[in-house]
Amino acid sequence: MKQALPETGMPSSNSQKSAPDRISALPDDLLLHVMYFLTMREAVQTSLLSRRWQNLWASLMWLKFDAAKFSSMRTYRKFVNNALMCRISLPEPVPLDAFWIYAACENSDDSLDYSDIHPWIRHALNSKAWALGIMEHSGPKPLSMEGYPFPFTSAYLKILGLCHCSIDDWFAQNLSSCCPVLDDLDLMSCAIHVTMFSSTKLKSLTITSTRTEKDYPSEFQYLEIDMPNLVQCSILSALSNVTNLMVVSASVFEDVMPKVLQHDLLRCETFSTLKRLHLGEWFMSRGCYPLICFLRRSPAIEKLVLQLDKSGDDDYETLPNADAEIDPPCNEAVTTFSCEKLRKIRLHCDLQNDKRAQIIMHVLSAHLCPLPDIKIKPIIVEV
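Please read all numbers here as calculations on a predicted model, not as lab measurements.

Q: Please clarify how the side chain of H123 should be interpreted in this entry.
A: Its location among the elements puts H123 in helix α5 (residues 114-126). The class for H123 is buried, based on a relative accessible area of 12%. When residues no more than four places from it in sequence are discounted, the contact partners of H123 are L84, R87, I88 and L96.

Q: Got a minute to help me understand the nonpolar core in this structure?
A: Nonpolar side chains tend to gather and get buried jointly when the protein is soluble and globular. If you look at the biggest cluster of nonpolar residues, it comprises 107 residues, and the most contacted ones within it are Y76, F152 and L162. When residues in this core are grouped by element, the largest group, seven residues, is from helix α8 (residues 285-296). Among residues more than four places away in sequence, those in contact with F152 are I121, L125, L132, M145, L157, L160, L162, F171, C178 and C179. Listed in part, the seven residues of the second largest apolar core include A98, W100, C163 and M188.

Q: Looking at this structure, I do not really get a nonpolar patch on the surface. What am I missing?
A: On the surface, a nonpolar cluster with roughly 440 Å² of combined accessible area is contributed by Y36, F37, M61 and W62. Counting through the fold element by element, M61 comes out in the loop between α3 (40-45) and β1 (62-66). Of the residues examined, M61 reaches a relative accessible area of 33% and is grouped as partly exposed.

Q: Looking at this structure, I do not really get the side chain of S24. What am I missing?
A: Mapping S24 onto the fold places it in the loop between α1 (14-17) and α2 (28-35). In this structure S24 comes out as buried when scored by relative accessible area, which is 11%. Among the polar contacts listed, one links the side chain of S24 to the side chain of W53, at a separation of 2.7 Å. With near-sequence residues (within four places) excluded, S24 lies in contact with L31, R52 and W53.

Q: Sorry, what's going on with the packing of aromatic side chains here?
A: Here the distance between the centres and the angle between the planes together describe a pair of aromatic rings. Going through the model one piece at a time under the given rule, you end up with 15 aromatic pairs. With 5.3 Å between their ring centres and 85° between their planes, Y36 and F37 make a pair best called edge-to-face. Of the residues examined, Y36 reaches a relative accessible area of 45% and is grouped as partly exposed. Centroid distance F150 to F152: 6.0 Å. Interplanar angle 80°. Geometry classified as edge-to-face. With respect to class, F150 is no different from F152; both count as buried. Sitting above the plane of the Y102 ring, K64 keeps its charged end 4.8 Å from the centroid.

Calculation notes
- Residues numbered from 1 in each chain as written.
- Predicted model: local features only at pLDDT ≥ 70, side-chain atom pairs only at ≥ 80, totals over all residues.
- Heavy atoms only, no water.
- Helix = DSSP H or I, 4+ residues; strand = E, 2+ residues; numbered from the N terminus.
- Buried < 20%, exposed > 50% of the residue type's maximum accessible area, 1.4 Å probe, protein only.
- Contact = heavy atoms within 4.5 Å.
- Core = buried A, V, L, I, M, F, W, Y, C linked by side-chain atoms within 4.5 Å.
- Patch = residues over 30% accessible without salt bridge, like charges linked within 9 Å, V, L, I, M, F, W, Y side chains within 5 Å.
- Areas by Shrake-Rupley, 256 points an atom, 1.4 Å probe, with all protein chains shown as cover.
- Salt bridge = Lys/Arg side-chain N within 4 Å of Asp/Glu carboxyl O.
- Polar contact = N/O pair within 3.5 Å; in protein donor to acceptor, adjacent residues only side chain to side chain.
- Phe/Tyr/Trp six-rings, centres within 6.5 Å; stacked < 30°, edge-to-face > 60°.
- Lys NZ or Arg CZ within 6 Å of the ring centre and 35° of its normal.

Function cannot be read off these values alone, since they describe shape.
Structural data, given as structure tokens:
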């Protein structure tokens with residue numbers, strides 16, 4: 001007891017010593033629920049109370065290991081390894097729901113590398129965890145998974161959060177096939193070396209990466225996101241150093257994607273290095289607000305491609321509220337502005353009487369001064 005609990009300074013009495021231990025008499029499920037509110041270190045310390053408590057903590061299904069609670073990264077590393085070893089040694093395997101790693105310790109100059117974390121990830125996924133995260137990492141370089149088998153291979157993983165990791169095409173290509181039910185991906189301060197993110201399952205994507213140190217790309221040369229089922233997205237604000245950006249969604253009359261992209265656009269400040277911008281028809285919503293918003297925030301833009309959907313003109317003709325949706329005044333475009341380097345605008349639309357083209361020409365001519373060269377071409381048909 002003296003090893004497990006600090007001195008309380010309260011006097012003891014014979015009556016207190018003989019009082020029944022009602023807490024230990026509670027069922028396991030209730031005690032585990034109480035442990036959920038403890039740190040992992042405190043939960044493990046309960047094993048010293050009595051045999052009743054010896055391995056109880058090891059049945060926790062939510063594990064959060066926080067290096068900030070330790071005096072050094074060495075003791076943190078040892079603690080996590082020993083805790084997971086205790087779980088493995090249980091008579092029967094215990095499944096996990098969630099596994100979180102917080103690997104930032106202010107009191108230590110040491111840091112973890114991926115060789116330390118890889119066995120922990122493997123344990124969590126072997127235990128059928130559906131949520132997994134490396135939520136903090138204070139090492140000098142991003143964690144690199146190069147040279148290891150793809151770590152996130154699981155038929156159960158739904159939520160994945162990664163901080164300060166190196167994300168490349170190998171990672172992006174394997175993610176969809178190796179995590180078939182993953183629907184929430186959060187990449188925090190990661191080094192993004194990816195040309196394409198593709199997933200038919202992912203519903204939520206968050207990328208926060210604006211750092212430009214040695215191990216981070218100074219600019220995105222090209223990044224394509226092909227995730228048709230996204231319902232929540234926070235990525236545009238992380239692409240402030242992108243040079244080429246293609247954000248294509250289908251008709252403005254779809255409910256989900258235009259709203260998702262518009263909401264994310266509100267977080268953006270300036271795309272200072274953006275030179276080529278390619279937008280799908282979603283840019284026409286709210287009086288072409290997304291289009292004007294992008295142009296105002298892109299001082300270096302040189303070429304703009306606007307791609308309309310072939311069926312969109314039919315929607316415009318049949319929907320009674322189409323004019324109200326497409327042609328209200330854009331609040332951000334009250335006054336004219338100039339894009340000094342913008343020389344080319346390409347509009348892909350139906351060449352025969354497409355009323356959407358008339359709206360776009362009206363918006364551009366009213367708010368861009370001077371007006372760049374605009375060419376209208378047939379709608380791009382994907383084979």
